[in-house]
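Topology and contacts: notes
As a plain string of letters, each chain reads:
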Amino acid sequence: MQLLTRGRLDRLEGGQTLVVDREVDVDRRVGGQRGQTGEHGPGRRRDLDVVSRALGLDLTALLEDLDVDLGGIGVGGEGMIKFGTGGWRGLIGKDFIYDNICRAAQGIADMIKEDGRQATPVMLGFDRRFLSFDAAQWIAQTLCANGITVWFMKRTAPTPLIMHTVMAQGLFYGVQVTASHNPSNYNGIKLIVEGGRDAQEDVTERLESMIEKAEREGRQPETMPFILAEEQGLIV
């Protein structure tokens, strides 16, 4: 999303001078996703507040009104995967990579097994973004290796379709590979729960703890070939 404004802003943080004389890309300049470190670290929310004061606008409220996700997730310190209101989102090739995708999938599998819900299939879909189909396959391979049946979409599907299927079929969980409205160099995983709803905070916090526990124990995500999972009827 871009805001078009003009003017000159002096003496911001650290005595810096910021000249705004063209379109300001809010996501790249001042934030977009909270809870990340390094290039996308906790300072991004602070930067958003600084520019809000300088422009005399409440950018946080404006972005929330426009449904720009300020609570997305990233890979924090020491590779910790963090979920926000819209799921886990990360930069493709940096955060959104095979290892992290499988770690997230194993966390979902651990949560399902702990609740004794592995007999109920998980609905799995993906959008048109780069790596979405591959990521969906990797997630399926990990879930199936844990004895969980996956209803795998054979073509791209919008998130509301996955949510509706979870609700209509009485499933406990659904997973959609998507970064929603975030820039094209992002991708992510959205967890959908019973009733076709976004996973609540207590659910995502529990999922994060499952992922961290596996990391502490040195457990690697389980996996199996996609074709073998199909042959065994684990992928439908």
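The structure under discussion appears in the preceding block.
What comes next concerns the included structure. Since this is a predicted model, take the numbers as computed values, not measurements.

1. Describing helix H7 (residues 201-217)
The end-to-end C-alpha distance of H7, which contains 17 residues, comes to 24 Å, matching closely the 24 Å that a straight helix rising 1.5 Å per residue would cover. Where H7 is concerned, the buried positions are Val203, Thr204, Leu207, Glu208, Met210, Ile211 and Ala214. Each buried residue of H7 lies within a common arc of 155 degrees when the element is viewed along its axis, so the set occupies one face. For H7, exposure combined with an orientation more than 90 degrees from the buried face picks out Glu201, Asp202 and Arg216.

2. Re the nonpolar core
Here is a general trend for soluble globular proteins: nonpolar side chains tend to be buried in one another's company. The biggest cluster of nonpolar side chains holds 50 residues, and the ones touching the most others in it are Ile139, Phe152 and Leu191. The element that contributes the greatest number of residues to this core is helix H4 (residues 98-114), accounting for 8 residues. When residues no more than four places from it in sequence are discounted, the contact partners of Ile139 are Ile101, Ala105, Leu124, Val175, Val177 and Ile189.

3. Overview of the packing of aromatic side chains
All told, the structure shown has 6 aromatic pairs when counted by the stated rule. Seen in terms of ring centroids, Trp88 and Phe96 are 5.5 Å apart; in terms of plane orientation they differ by 40 degrees. Their pairing is tilted. Given a relative accessible area of 0%, Trp88 falls into the buried group. Since its relative accessible area comes to 1%, Phe96 is described here as buried. Between the aromatic rings of Phe126 and Phe152, the centroid separation amounts to 5.9 Å while the plane-to-plane angle is 35 degrees, which identifies the pairing as tilted. With Phe126 in strand E6 (residues 122-126) and Phe152 in strand E7 (residues 150-152), this residue pair connects regions lying 26 residues apart in the sequence. Taking relative accessible area as the criterion, Phe126 reaches 4% and is therefore assigned buried. For the cation-ring pair, Arg117 lies above Phe172, with the distance from its terminal atom to the ring centre recorded as 3.9 Å.

4. Concerning the side chain of Gln176
Topologically, Gln176 is positioned in strand E8 (residues 173-177). Polar side-chain contacts of Gln176 include one of 3.0 Å to the backbone nitrogen of Phe126. Apart from the residues lying within four places of it in its own chain, the contact partners of Gln176 are Gly125, Phe126, Asp127, Ala157, Pro158, Thr159, Ile162, Gly188, Ile189, Lys190 and Ile192.

5. Focus: the pattern of salt bridges
Summed over all chains, the structure comprises 8 salt bridges. Asp110 serves as the salt-bridge partner of Arg219, at 3.0 Å between the closest nitrogen and oxygen. Taken together, the residues Arg219 in the loop between H7 and helix H8 (226-231) and Asp110 in helix H4 connect sequence positions 109 residues apart. Here Arg129 ties to Asp127 by a salt bridge, and the two come within 3.8 Å at their closest N and O atoms.

6. Some words on the packing of H4 against helix H5 (residues 132-145)
Between H4 and H5, whose axes approach to 9 Å, the crossing angle comes to 40 degrees. Classified by the angle between their axes, H4 and H5 sit oblique to one another. H5 is crossed by H4, and the crossing has right-handed handedness. Across the interface between the two elements, Tyr98, Ile101, Cys102, Ala105, Gln106, Ile108 and Ala109 from H4 touch Ala135, Trp138, Ile139, Thr142 and Leu143 from H5. When its residues are assigned to classes, the contact of H4 with H5 shows 10 nonpolar, 2 polar and no charged.

7. Section: empty space enclosed by the protein
Across all of its chains, the model carries 3 cavities of 30 Å³ or more by this definition. Its boundaries defined by the atoms lining it, the largest cavity holds a volume of some 70 Å³. Lining of the largest cavity is provided by Arg103, Gln106, Gly107, Asp110, Met210, Ile211, Ala214, Glu215, Arg219, Gln220 and Pro221. Going through the elements one at a time, H4 and H7 are the ones with two or more residues in the lining of the largest cavity.

8. Some remarks on helix H6 (residues 159-168)
Within H6, the full set of buried residues consists of Thr159, Ile162, Met163, Thr165 and Val166. Around the axis of H6, the buried residues are gathered within 160 degrees of arc, so they sit on the same side. Where H6 is buried, its residues touch E6, E8, strand E9 (186-193) and strand E10 (197-198).

9. Things to note about unusual backbone geometry
In this structure, Leu131 is a non-glycine residue whose phi angle is positive, near 80 degrees. Following the sequence through the fold, Leu131 ends up in the loop between E6 and H5. A residue is classified by how much of its surface remains accessible, and Leu131, at 15% relative accessible area, is buried. Not every positive phi belongs to a glycine, and Ser180 is a case in point at roughly 55 degrees. Structurally, the position occupied by Ser180 is in the loop between E8 and E9.

Each value, and the rule that gives it
- Residues numbered from 1 in each chain as written.
- Predicted model: local features only at pLDDT ≥ 70, side-chain atom pairs only at ≥ 80, totals over all residues.
- Heavy atoms only, no water.
- Helix = DSSP H or I, 4+ residues; strand = E, 2+ residues; numbered from the N terminus.
- Expected span 1.5 Å × (residues − 1).
- Buried < 20%, exposed > 50% of the residue type's maximum accessible area, 1.4 Å probe, protein only.
- Arc of directions from axis to C-beta.
- Core = buried A, V, L, I, M, F, W, Y, C linked by side-chain atoms within 4.5 Å.
- Contact = heavy atoms within 4.5 Å.
- Phe/Tyr/Trp six-rings, centres within 6.5 Å; stacked < 30°, edge-to-face > 60°.
- Lys NZ or Arg CZ within 6 Å of the ring centre and 35° of its normal.
- Polar contact = N/O pair within 3.5 Å; in protein donor to acceptor, adjacent residues only side chain to side chain.
- Salt bridge = Lys/Arg side-chain N within 4 Å of Asp/Glu carboxyl O.
- Axes fitted to C-alpha atoms, helices over the stretch in contact; angles between N-to-C directions.
- Parallel < 35°, antiparallel > 145°, perpendicular 65-115°, else oblique.
- Left-handed = near helix turned anticlockwise from the far one by under 90°.
- Nonpolar A, V, L, I, M, F, W, Y, C, P; charged D, E, K, R; others polar.
- 1 Å grid on protein atoms, 1.4 Å probe; cavity = no way out; pocket = protein on both sides within 12 Å on 5 of 7 lines; lining within 4 Å.
- Points joined across faces, edges and corners; volume = space filled by probe spheres on them.

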